[in-house]
Every structure is written in C-alpha cells, then in structure tokens.
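Examination of the molecular architecture
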Amino acid sequence: MKALFKQTGHEQDEAHWLSISDLMAGLMMVFLFISIALMRDAFSQKNKMEAERDTMKKVAIAYENNQVAIYNALNHEFKKDLSKWDASINEKTLTFTFQSPDVLFKTGKIDLSSTYKNLLNDFFPRYLKVLKPFQSSISEIRIEGHTSSVWNRHSTPEAAYFNNMALSQGRTRSVLAYVYNLPGSYAYRGWIKSHIAAVGLSSSKPIYLATGKEDRARSRRVSFRVMTNADIQIKRILEAG
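Residues numbered from 1 in each chain as written. Predicted model: local features only at pLDDT ≥ 70, side-chain atom pairs only at ≥ 80, totals over all residues. Heavy atoms only, no water.

**Notes on the overall build of the protein**
- When helices and strands are tallied, the protein shows 8 helices and 5 strands.
- In the protein, the succession of helices and strands from N to C terminus is α-α-β-β-α-α-β-α-α-β-α-β-α.
- Per-residue burial for the protein yields a buried fraction of 32% across its 241 residues.
- Counting only contacts in the protein whose residues sit at least 6 apart along the sequence, the fraction spanning at least 24 positions is 72%.
- Surface summary for the protein: the accessible area is close to 15600 Å², and the carbon and sulfur share equals 58%. (Helix = DSSP H or I, 4+ residues; strand = E, 2+ residues; numbered from the N terminus. Buried < 20%, exposed > 50% of the residue type's maximum accessible area, 1.4 Å probe, protein only. Contact = heavy atoms within 4.5 Å. Areas by Shrake-Rupley, 256 points an atom, 1.4 Å probe, with all protein chains shown as cover.)

Structure (structure tokens):
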C-alpha cells in the first residue's frame, strides 16, 4: 500500500512538472508568435517608410526637373530680350523681373507708361504660350510689386511701408488688368482668373548692394513668378498611401 501511495505521489510530481513544462512551452510559443507579429509589423512599417521616401524622392526629382524645364523654356524664349527690357529670370524661383520701374511707371503712380504697355504687348502673350505645356504643374503665377523702403523724408518707416504697400498693390493690379485685356489673352482668360494673382509686397523684399546698403533703384521692380504645385502632389501621394 505504501509503495502504491509512493508511486502515486511520484506520478503526481511528474504530472505536476509536466504541466508546468507544458505551460512554459505554451507561453514561449505565445511570446514567439507575438515577437513574429511585432517583427512583421516593424518590417511592414519600415517598408512603408522606405516606399514613402522613395515616392518623395521621385516627386522631388520630378519637381526639380519641372523647374529646370520651365526655366529653360523661359530663358530660350526671352534671352534676347532681357538686356533691352532690363529684365532677369531667376532659375530657382522662376521669377521674371522687370527692373526699371522709372520706365514702367511714373514716380508714385500706378498707371502703366506707354513704354511698359508696349513691352507687355510683346512679353505677355509669349509668356503664356511658353507656360502652356506646364499648366498642369502650375498652382499660381504671381505678379509681384516691390518698392524701396523709403517714401519721402518726412514719413516714418511705418508710414513708408504702408504707403508703398498701396503703391505696389495698385501697380500689380494695373498690370493684371492690362494683360488680361490683351487680345492674345482672350483664349487664356479662364486660366488667368484662376491662376494669376496681383500681389503688392511693398518693401518687404529689398535688394542690397555688396556693401549691405539697400539698392533702392533695384528694389523698385515688378515680377512675374511661377509657383508649381509640387507640395499639392506630395500631399495627394501621402494621403493615397
């Protein structure tokens, strides 16, 4: 009888340790499955991030190529006219700038001079034609008016800023109204309304000489700036992902 009880107790001990062993094995399997799931999730996130980086890189390359293509098209069309118009094209910002306001407007006035009207008669239809192949990638064209930081010797800096703001806004509105009514703009009027804005920037972006002193003559200017929609394309791609 003792032997029987002893044997039974031994068997119970073995069963006890066996159940603990099975429990530990089961827990290890659970941990293993959790680890695998976490690793798969980590790999999935990593792959997603890499895919997003690749997409962003492709968009950035496409954006840069588009910028270069627009600049090359503008430069090819207008390179012979830049010196006679006292104009320049900025490759990075795609800004076409007319730099002789005294020829374009009378001092303190918003009405276009006859010289500027003749210039725009030549420039603007060609400008629209050059940009037509790129319209799907253009979010906006800004006609930007800039002034120097001074108004007159009696005005405060604040008064000069706001007086120049009104002047720069008036000038850009005059330019937009004039080019909108050109015969060569008729076919583009819908696009002009939705994509071209007249913006007066007053003296917020002056031009400086190498000495650090403001170049008041060059600060007074009117620009046509192309703004592409790369940021919108990136947002759409990320939302779709």
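Moving on from the coordinates now.
**What about the nonpolar core?**
- Among the nonpolar cores identified, the biggest contains 39 residues, and F96, F98, Y116, F123, F124, Y127 and F224 are the most heavily contacted of them.
- Counting residues per element, this core draws most heavily on helix α4 (residues 114-131), at 9 residues.
- Not counting chain neighbours up to four residues away, the residues in contact with F96 comprise F78, L82, W85, A87, S88, I89, F123, V222, S223 and F224. (Core = buried A, V, L, I, M, F, W, Y, C linked by side-chain atoms within 4.5 Å.)

**Quick notes on a nonpolar patch on the surface**
- A cluster of nonpolar side chains, M29, L32, F33 and I36, forms an exposed patch at the surface whose accessible area comes to about 380 Å².
- We classify M29 as partly exposed; its relative accessible area is 40%. (Patch = residues over 30% accessible without salt bridge, like charges linked within 9 Å, V, L, I, M, F, W, Y side chains within 5 Å. Salt bridge = Lys/Arg side-chain N within 4 Å of Asp/Glu carboxyl O.)

**A short note on α4**
- For α4, which comprises 18 residues, the first-to-last C-alpha distance of 26 Å matches the rise-based estimate of 26 Å (1.5 Å per residue) to within 8%.
- Maximal helix bending in α4 amounts to about 30°, located at L120.
- Listing the buried residues of α4 in full gives Y116, L119, L120, F123, F124, Y127, L128, V130 and L131. (Expected span 1.5 Å × (residues − 1). Bend = angle between axes of the 7 residues up to and from the residue.)

**What to know about the pattern of salt bridges**
- One pass over the full model with this rule turns up 7 salt bridges.
- The partner of D86 in a salt bridge is R218, and the shortest N-O contact between them spans 3.2 Å. Of the two residues, D86 is situated in the loop between α2 (82-85) and β1 (87-90) and R218 in helix α7 (residues 216-219); the sequence distance between them amounts to 132 residues.
- By relative accessible area, which is 30% here, R218 ends up partly exposed.
- Between R225 and E144 there is a salt bridge, with the nearest N and O atoms lying 3.7 Å from each other. Residue R225 is found in strand β5 (residues 221-228), and its partner E144 is found in strand β3 (residues 138-146); the two are separated by 81 residues along the sequence.

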